[in-house]
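Each chain, letter by letter, is given below.
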Amino acid sequence: MNIAFGSGGGILCTDYSSPTLHNLIVSNCYAYNNGGGISCRENSNPILNNISIINNNTPSNGGGLFISSGSDPQLFEVQISGNSAGVGGGIYIQYSNPLIEQTEIENNSASSMGGGLLIDLSNSNLINVSIINNTANLGGGIYLNSNAIAIPNLQNVTISENIANSTGGGIMCYYYSNPSLESVTISGNSASQGGGIK
């Protein structure tokens, strides 16, 4: 088990670092402050290809993956599963524009918001992604906080069997959130309010 007393329990990419990570397993890691598995911050743009990020934990943000502060990583064929956090069980994205393709975000949990992922003021692109069986209090699958400038794009995405104890089983759209959804399947999600989308 790897432990970080700061950020990035398994891997920390910071200050313009942009490695290519290929055929890795990042598992059973813990961070006290953001990014239980991997943390990408401060304009870091790594390429993550064929990586499993599983069973990592942080009490803060991004159980599997934390993306923040102008970082634009590219994810291809990534499995993000069994991770847990206070916010963003699978992925936490803030002020960044990642590309996420052919990725599975499944069986993650957040005690507060964004069981699968939380997207905060970011132009994230999710293409051919499955978000399945994640849990949170708000936004079991996805919690979105966007505006007229930051518009997440979801294309060919499946959001299914996610659970929110309170609001937004599949997707919770907060404030002026304005996501673009194309060929998105939202099914079998549940919540006290807004089983599919709130």
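Residues numbered from 1 in each chain as written. Predicted model: local features only at pLDDT ≥ 70, side-chain atom pairs only at ≥ 80, totals over all residues. Heavy atoms only, no water.

**A look at the overall build of the chain**
- The helix and strand inventory of the chain stands at 0 helices and 23 strands.
- Its C-alpha atoms give the chain a radius of gyration of 15 Å, near enough to 16 Å, the size a compact globule of 198 residues would have.
- For the chain, the spread of C-alpha atoms along the three principal axes comes to 40 × 30 × 25 Å.
- By residue count, 51% of the 198 residues in the chain fall in the buried class.
- For the chain, long-range pairs separated by at least 24 residues make up 84% of all intrachain contacts whose partners lie at least 6 apart in sequence.
- With an accessible surface of roughly 7,800 Å², the chain has 45% of that area assigned to carbon and sulfur atoms. (Helix = DSSP H or I, 4+ residues; strand = E, 2+ residues; numbered from the N terminus. Rg over C-alpha atoms; globule rule 2.2 N^0.38 Å. Buried < 20%, exposed > 50% of the residue type's maximum accessible area, 1.4 Å probe, protein only. Contact = heavy atoms within 4.5 Å. Areas by Shrake-Rupley, 256 points an atom, 1.4 Å probe, with all protein chains shown as cover.)

**A word on the nonpolar core**
- L48, I91, L117, L126, I131 and I142 are the most contacted members of the largest nonpolar core, which totals 29 residues.
- Aside from chain neighbours lying at most four places away, what touches I131 is I105, L117, L126, G141, I142, V157, T158, I159, S160 and N162.
- Ranked by size, the runner-up nonpolar core spans 6 residues in total, among them F66, V87, L118 and M172. (Core = buried A, V, L, I, M, F, W, Y, C linked by side-chain atoms within 4.5 Å.)

**Description of the sheet that holds strand β11 (residues 91-94)**
- Read across the sheet, 7 strands follow the order β2-β5-β7-β11-β14-β17-β20 without closing on themselves; strand pairing throughout is parallel. Looking at the sheet topology across the chains shown, the edges are occupied by β2 (11-13) and β20 (171-174). For this sheet, the mean angle separating the axes of adjacent strands, direction not counted, is 5 degrees.
- Bridge count between strand β14 (residues 117-120) and strand β17 (residues 142-145): 4 bridges; the pairing is parallel. (Pairing = 2+ DSSP bridges. Axes fitted to C-alpha atoms, helices over the stretch in contact; angles between N-to-C directions.)

**As for the pairing of strand β6 (residues 47-54)**
- Relative to β6, strand β3 (residues 20-27) is paired through 7 bridges, and the arrangement is parallel. Bridge pairing in β6 links V26 to I53.
- Bridge analysis of β6 against strand β8 (residues 74-76) gives 3 bridges, and the strand direction is parallel. Within β8, the position partnered with L48 by the bridge is L75.
- Summarising the sheet, β6 and strand β9 (residues 79-81) pair through 3 bridges and their orientation is parallel.

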